[in-house]
Amino acid sequence: MARNHIADTSLMDRRCFIQKSVLLATGSAFGRSLMGCGTELPIPCLGPAPAPTPVPGMTYIRASQIGCALDCNLENGHNKYTGGSATDDGPRINAAMAGASANNPITLIIDGSALISGLFLPAGGYWSIAGLGCGTGFFIKRGTNNDGIHNGPPNAAVPSDPGPPAPARGKNVSLSNFTVNGNQGDGHNGDSTTGLAQGITGKVWYFGINLMNLDNITIERVVVVNTPAYNIRLSNVGNVSVSGCVIRSFGTNTDGLHFDGPANDITINNCDFRTGDDSIALNCPEGYSGNISRVTVTGCTFNSFSLMRIYTTDGGPNKFSIDTVSVSNCSGTLAEAAFLIGLSNGSNPNSVTALTISDCNLTAPTVLGIAENFGAIALKNVTFTPFQSNVYWLGPQANHIPAFLRPSPPYGGITYVGSTLSFENCQILQNGNKGICAVMLESNSTITRLEFNGFSMEDSAQELLNLEGGSIGQLVLASVDSKNIKAPVEANGFQRVGSISGAGVLGTGWEFPNPIMANGVPYISAETGLPSIKIDGVVEPYDP
């Protein structure tokens, strides 16, 4: 979810409107209303887990041995024995963990189910929470008006977006094998009683888990459900490992894993995301603000608004970069787009670069919804099943047809420059759409080099590229299955292409105008209808 508390609340208001439009249009699980305390919410079970193996120098504290009642039903927040009010175990846990430090690291073993009015644990880290699997964890008390778990005192995350400079980082926080029920309500009956379900607009939102200013974070087999805003927010963090987690919250602003800049060296493995907003967000201008680098996502499943939101500027003076992001072996259905890249004009050249998407099966209106300058983006072995997006479309956009890459529906009027986009063994599956293409450019946007090395469509398409509003510098056709594609570009589209090359040009059977063909590339001439080749700029007949 993109936020701009300082400069422009209209961005947030428009974003919320767009999301609500999606929920109404799709009729999907995203639109389900999850009430606050008292409503039964099934909790995904990841099975039992053993207590952590003792590590020399670590102090271990069992919640049951420090006076915690552990009497909370994690599905509804009630006393699991009487059905009445559960006991707030938060103060006891906070007191027991307060002494954690580099010289005295502490692990809390949560061996039951606790109602908490927030866990506010040492800001510098050196603490862990280890559950015992199903039935162990935390339910956030009604009216807590704070995060479920965060490092630092109760006001540590106020405001949510403090801006630069980023403070020094602590280290060594580990969370494993427990559940957090965020008790999302309507602004009156859940964690938040501010009148707004998410928290306080322009000041602070309430998250399930909120870790700030830390290196060496491990989150393993943690279930987070029903949060007021982001499920897990990580701000100014490095060396983060998230694995085997299940994240399920619906409604606006319920991002799964939300990273604010600066952030670095992040791995996300084998997680399941079902959220009403972005499954994963890499948002440089938020939090303390800064660059984000080296993010790897592997083996995850998604059913969300988007798989990943990436942006480096929000229209303000600060501009950042995101580099080296890899997403592989994934599958998902996304209401808006798989990847939403950018939301504002003015990003730096190549601001998002070295993004690789491989071995993924994605159902969405588009794989890449672009509204920002980018460097190198590579798609490898990606299968795309498109459908028509029913969200609010911000004009001017010539059409709304699906495409592997197209303007982002809510930010489609933005002009961008992309350096390199490559497709390797990618395909668009049949979906019955009347219109489909691989790449659509609008708003005078440009891609300097566009390469296809293995590409096919199951549906019939008028053209491979729609360039009515943009241009391509160099088009490389190494291998394209043209069976269901009538032409490489729309009528008069060749005037928006600088040059065409590639070993697969002739094999497409398409006709190309002589002036834009590179030297030494066999092709069928649009002027003669015959196989041709240019040698030193001179067109000659080509005989294989």
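Everything numeric here is computed off the predicted structure, so don't read it as measured data.

Draft legend 1. Here's a closer look at the overall build of the protein chain. Helices and strands together make up the secondary structure of the protein chain, namely two helices and 37 strands. At 26 Å, the protein chain has a C-alpha radius of gyration in line with the 24 Å of a compact globule built from 544 residues. Expressed as lengths along the three principal axes of its C-alpha atoms, the size of the protein chain is roughly 90 × 45 × 45 Å. Burial analysis of the protein chain (544 residues in total) assigns 59% to the buried set. Across the protein chain, the fraction of contacts at a sequence separation of at least 24, relative to all contacts at a separation of at least 6, is 72%. Accessible surface, the protein chain as shown: approximately 18700 Å² in total, 50% of it carbon and sulfur.

Draft legend 2. Spatial organisation of the packing of aromatic side chains. The tally for this structure, following the rule as stated, stands at 12 aromatic pairs. Both rings, one in Phe-138 and one in Phe-178, keep their centres 5.5 Å apart while their planes meet at 80°; by these two values the pair is edge-to-face. Remark: Phe-178 occurs in the loop between strand S8 (170–176) and strand S9 (179–181) and Phe-138 occurs in strand S6 (residues 137–140); sequence separation between them is 40 residues. Residue Phe-178 is classed as buried on the basis of its relative accessible area of 1%. Taking 5.2 Å as the distance between ring centres and 75° as the angle between the ring planes, the aromatic pair formed by Phe-404 and Phe-423 counts as edge-to-face. Here Phe-423 lies in strand S27 (residues 417–428) and Phe-404 lies in strand S26 (residues 403–407), a separation of 19 residues in the sequence. Looking at Phe-404, the relative accessible area reads 0%, which means it is buried. Among the residues examined, Phe-423 registers a relative accessible area of 1% and is labelled buried. Here the aromatic cluster, defined as three or more aromatic residues joined through ring pairs, consists of Phe-384, Phe-404, Phe-423, Phe-452 and Phe-455.

Draft legend 3. Inspection of the pattern of salt bridges at higher detail. Enumeration according to the criterion identifies 10 salt bridges in this entry. We note a salt bridge from Asp-278 to Arg-309, for which the minimum N-O separation is 3.0 Å. Of this pair, Asp-278 sits in strand S18 (residues 278–283) while Arg-309 sits in strand S20 (residues 301–311), placing them 31 residues apart in sequence. Judged by its relative accessible area of 1%, Arg-309 falls in the buried class. Of the charged contacts, one joins Glu-451 and Arg-449 as a salt bridge, the two residues approaching to 3.3 Å between their closest N and O atoms.

Draft legend 4. Up close: the nonpolar core. With 114 residues, the main nonpolar core has Phe-138, Leu-368 and Phe-452 as its most contacted residues. Looking at which element gives the most residues to this core, the answer is strand S23 (residues 352–364), with six residues. When neighbours within four sequence positions are excluded, Phe-452 is seen to be in contact with Phe-423, Ala-438, Val-439, Leu-464, Leu-465, Leu-475, Val-476, Leu-477, Ala-478, Ser-479 and Val-480.

Draft legend 5. Molecular detail of helix H2 (residues 90–97). Every buried residue of H2 is accounted for by Gly-90, Ile-93, Asn-94 and Met-97. Taken around the axis of H2, the buried residues stretch over an arc of 100°, which confines them to a single face. Where H2 is buried, its residues touch strand S2 (106–110), strand S3 (113–116), strand S4 (119–121), strand S5 (125–131) and S6.

Draft legend 6. Representation of the pairing of strand S37 (residues 538–541). Pairing analysis gives four bridges linking strand S36 (residues 531–535) to S37, with the strands arranged antiparallel. Bridging across to S37, Ser-532 finds its partner in Pro-541. Taking the residues that link successive antiparallel strands as the turn, the S36-S37 hairpin has two residues, and the phi of Asp-536 there is positive, at about 55°.

Draft legend 7. Structural detail: the environment of Thr-136. Within the fold, Thr-136 resides in the loop between S5 and S6. With 43 residues separating them along the chain, Thr-136 and Thr-179 place their C-alpha atoms 6.4 Å apart. Residues in contact with Thr-136, not counting those within four places in the same chain, are Leu-74, Ile-110, Asp-111, Gly-112, Gly-131, Asn-177, Phe-178 and Thr-179. A distance of 3.5 Å separates a polar side-chain atom of Thr-136 from the backbone oxygen of Asn-177.

Draft legend 8. Here's a closer look at the state of the cysteines. Per the counting criterion, the structure on display carries two disulfides. Here Cys-330 connects covalently by a disulfide to Cys-360, the sulfurs 2.2 Å from one another. Its S-S torsion of about 125° marks the bond between Cys-330 and Cys-360 as right-handed, since a negative value means left-handed. Of this pair, Cys-330 sits in the loop between strand S21 (322–328) and strand S22 (331–341) while Cys-360 sits in strand S23, and the two are 30 residues apart along the sequence. For the pair Cys-330 and Cys-360, a shared accessibility class is recorded, and that class is buried. Lacking any disulfide linkage, Cys-271 is separated from the closest cysteine sulfur, that of Cys-245, by 4.6 Å. When its relative accessible area of 2% is taken as the criterion, Cys-271 is described as buried. Residue Cys-300 stays outside any disulfide, its sulfur separated by 4.7 Å from that of Cys-271, the closest cysteine. The class of Cys-300 is buried, set by a relative accessible area of 2%.

Draft legend 9. Representation of unusual backbone geometry. Omega for the peptide link from Val-158 to Pro-159 comes to -5°, which places this bond in the cis form. Mapped onto the elements, Pro-159 comes out in the loop between strand S7 (149–151) and S8. Here the amide bond leading from Pro-164 into Pro-165 is cis, since omega sits at 0°, within 30 degrees of zero. The residue Pro-165 is located in the loop between S7 and S8 in this model. Positive phi values are uncommon outside glycine, yet Leu-70 reaches one of about 50°. You can see Leu-70 is positioned in the loop between strand S1 (59–62) and H2.

Draft legend 10. The arrangement of the confidence of the model for the protein chain in detail. In the predicted model, the protein chain carries a mean pLDDT of 92, and the fraction of residues at 70 or more is 92%. The low-confidence segment residues 4–38, where pLDDT is below 50, has 79 contacts with residues more than four positions distant or belonging to other chains.

Procedures and definitions
- Residues numbered from 1 in each chain as written.
- Predicted model: local features only at pLDDT ≥ 70, side-chain atom pairs only at ≥ 80, totals over all residues.
- Heavy atoms only, no water.
- Helix = DSSP H or I, 4+ residues; strand = E, 2+ residues; numbered from the N terminus.
- Rg over C-alpha atoms; globule rule 2.2 N^0.38 Å.
- Buried < 20%, exposed > 50% of the residue type's maximum accessible area, 1.4 Å probe, protein only.
- Contact = heavy atoms within 4.5 Å.
- Areas by Shrake-Rupley, 256 points an atom, 1.4 Å probe, with all protein chains shown as cover.
- Phe/Tyr/Trp six-rings, centres within 6.5 Å; stacked < 30°, edge-to-face > 60°.
- Salt bridge = Lys/Arg side-chain N within 4 Å of Asp/Glu carboxyl O.
- Core = buried A, V, L, I, M, F, W, Y, C linked by side-chain atoms within 4.5 Å.
- Arc of directions from axis to C-beta.
- Pairing = 2+ DSSP bridges.
- Polar contact = N/O pair within 3.5 Å; in protein donor to acceptor, adjacent residues only side chain to side chain.
- Disulfide = S-S within 2.5 Å.
- pLDDT = per-residue confidence, 0-100.

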